[in-house]
Amino acid sequence: MKTIRERSYSCEVCGLLFSYKSNLNVHMRTHTGEKPFSCEVCGKAFSLNLSLKYHMRTHTGEKPFSCDVCGLSLSMKSSLKTHMRTHTGEKPFSCKLCDVSFSIRSQLTIHMRIHTGEKPYSCEICSSSFARKSSLQIHMCTHTGKKAFSCEICGSAFPERYRLTVHMRTHTGEKPFTCEICFTSFSCRSELNRHKHNHSGEKPYSCQVCGASFTKGSNLKRHMRTHTGEKPYSCHVCCSSFAERANLKRHVLSHTGDKPHSCEVCGTSFLSKTDLKIHVRIHTGEKPYPCQFCNASFPVMYSLKKHMRTHTGEKPYSCEVCGASFTVRYALKIHLRTHTGEKPYSCRVCGSAFSVRSALKLHMKTHMG
């Protein structure tokens, strides 16, 4: 029978108790910051000899733990345990506030900061705060201009090795993460996780102003700007401001006239790579966004979202004047003209004005006989 040893060694700093003095000595390093074990290759130091042992595998390439399902090799047993959850779907760490679940504890810890507003990582230069350490590291590059990891093919530089790894897949075409439902493949796991929400319908991020829900926290952040009117991205040429960085990038190209992304099939050029990718689906017939209620499929996510409203009856765009609701923003925009009297489409022949383009087209036929 195993004897339970009394915990007689106490930490003078935090009061934590230990059964062995050696364990207390190791624990004290969390307070003193002592890291007596150093890597002979890169000089990085660790508080535990075991941590150094794991670290050395990043230099030797040793990966002794293999997944029986997909064959992926990993350097630590704990990493294999976490990886196995991508196959089993297990998410043992759940948020008590919004029921979102995660496969690893650190993801839950970071998620909780959405609710608490905690941002423990602060920039020493401008005092900006962040919920993630990686976000702070990326932010610091705006001050130092340093990007440690560079692509040998195109020269793009990144503040983190992982971002470079993901970027390299744009050159290799590798998409190692595949959806088990529709078999769409993705270059990074986060894209696959977001894609899965299309099938589950899960939208864990909700707007406290209007109740709109989103699959990604970043989408909620952008949505909030429709309420606040914030447009943090400004054009240095004409001072136009935009709510999203991507919109600013497209706008800047309107000054240069540059359309750097061309279709290899028909030669049509586009301002962004995303626009080209969507256009190519006209030629391939690809429609990667299927409706979970009917057999309809769509080439772009936005079209699927609009279509889903025919099933759900959702009308997220409401008129502040009369309360009328609409399924798409453009319909609300046209409706508002009934209140404002705006008629932006004018006949060049007789000067008659109309609130919608289709009405102008019908009117033009009266002149054409």
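Residues numbered from 1 in each chain as written. Predicted model: local features only at pLDDT ≥ 70, side-chain atom pairs only at ≥ 80, totals over all residues. Heavy atoms only, no water.

Trainee: Looking at this model, I keep getting lost on the pattern of salt bridges. Mind explaining?
Mentor: Working definition: two side chains of opposite charge can pair if their charged atoms are close together. Summed over the entire model, instances satisfying the criterion amount to ten salt bridges. Between Glu 34 and Arg 29 there is a salt bridge; the shortest N-O distance is 3.9 Å. A relative accessible area of 41% means that Glu 34 is categorised as partly exposed. The shortest N-O distance in the salt bridge between Arg 225 and Glu 230 comes to 3.9 Å. For Arg 225, a relative accessible area of 10% gives the class buried. Assessed through its relative accessible area of 41%, Glu 230 is described here as partly exposed. (Salt bridge = Lys/Arg side-chain N within 4 Å of Asp/Glu carboxyl O. Buried < 20%, exposed > 50% of the residue type's maximum accessible area, 1.4 Å probe, protein only.)

Trainee: What exactly am I supposed to notice about the side chain of Arg 281 here?
Mentor: Along the chain, Arg 281 turns up in helix 10 (residues 273-284). The exposure class of Arg 281 is buried, given its relative accessible area of 10%. When neighbours within four sequence positions are excluded, Arg 281 is seen to be in contact with Glu 286, Pro 288, Tyr 289, Pro 299 and Val 300. (Helix = DSSP H or I, 4+ residues; strand = E, 2+ residues; numbered from the N terminus. Contact = heavy atoms within 4.5 Å.)

Trainee: Can you help me understand helix 12 (residues 329-340) in this one?
Mentor: In an α-helix, one turn spans 3.6 residues, which is why side chains three or four residues apart end up on the same side. Helix length check: helix 12, at twelve residues, gives a terminal C-alpha distance of 17 Å against a target of 16 Å (1.5 Å per residue), a fit within 8%. Every buried residue of helix 12 is accounted for by Leu 332, His 335 and Arg 337. Buried residues in helix 12 make contact with strand 23 (317-318), strand 24 (325-326) and strand 25 (345-346). Backbone geometry just after helix 12 places Gly 341 at a positive phi near 80 degrees. (Expected span 1.5 Å × (residues − 1).)

Trainee: Where do I start with a nonpolar patch on the surface in this structure?
Mentor: Taken together, the side chains of Val 26, Leu 48 and Leu 50 make up a nonpolar region of the molecular surface, amounting to roughly 210 Å² of accessible area. Secondary-structure assignment places Val 26 in helix 1 (residues 21-32). The exposure class assigned to Val 26 is partly exposed, which follows from its relative accessible area of 32%. (Patch = residues over 30% accessible without salt bridge, like charges linked within 9 Å, V, L, I, M, F, W, Y side chains within 5 Å. Areas by Shrake-Rupley, 256 points an atom, 1.4 Å probe, with all protein chains shown as cover.)

Trainee: What's the story with the environment of Arg 189 in this structure? I'm lost.
Mentor: For Arg 189, the position within the fold is in helix 7 (residues 189-200). Expressed as a C-alpha distance, the spacing of Arg 189 and Arg 281, which sit 92 residues apart in the sequence, is 23 Å. Those residues in contact with Arg 189 that sit more than four places away from it in its chain are Thr 86, Tyr 162 and Phe 177.

Trainee: How should I be thinking about the environment of Ser 352 in this particular structure?
Mentor: Position of Ser 352 relative to the elements: it lies in the loop between strand 25 and strand 26 (353-354). Each C-alpha atom, one on Ser 352 and one on His 363, is 8.7 Å from the other, the two residues being eleven residues apart in sequence. Every residue in contact with Ser 352, bar those within four places of it in the chain, is listed here: Tyr 345, Ser 346, Cys 347 and His 363.

Trainee: What is the right way to look at the environment of Ser 206 in this model?
Mentor: With respect to the element layout, Ser 206 can be found in strand 15 (residues 205-206). Overall, Ser 206 belongs to the partly exposed group, its relative accessible area being 41%. Looking at Ser 206, its side chain comes within polar contact range of the side chain of Ser 213, at 3.2 Å. (Polar contact = N/O pair within 3.5 Å; in protein donor to acceptor, adjacent residues only side chain to side chain.)

Trainee: Which parts of the structure should I look at to understand helix 2 (residues 49-60)?
Mentor: A rise of 1.5 Å per residue sets the reference length of helix 2, with its twelve residues, at 16 Å; its end C-alpha atoms lie 17 Å apart and thus fit the reference within 8%. When we look at burial in helix 2, the residues that qualify are Leu 52, His 55 and Arg 57. On its buried face, helix 2 sits against strand 3 (37-38), strand 4 (45-46) and strand 5 (65-66). Phi turns positive one or two residues past the end of helix 2, at Gly 61, with a value near 80 degrees.

Trainee: Where do I start with the side chain of His 83 in this structure?
Mentor: Looking at the element boundaries, His 83 is found in helix 3 (residues 77-88). Only 3.2 Å separates the side chain of His 83 from the side chain of His 87, close enough to count as a polar contact. If sequence neighbours within four positions are ignored, His 83 has contacts with Cys 67, Cys 70, Leu 72 and Leu 74.

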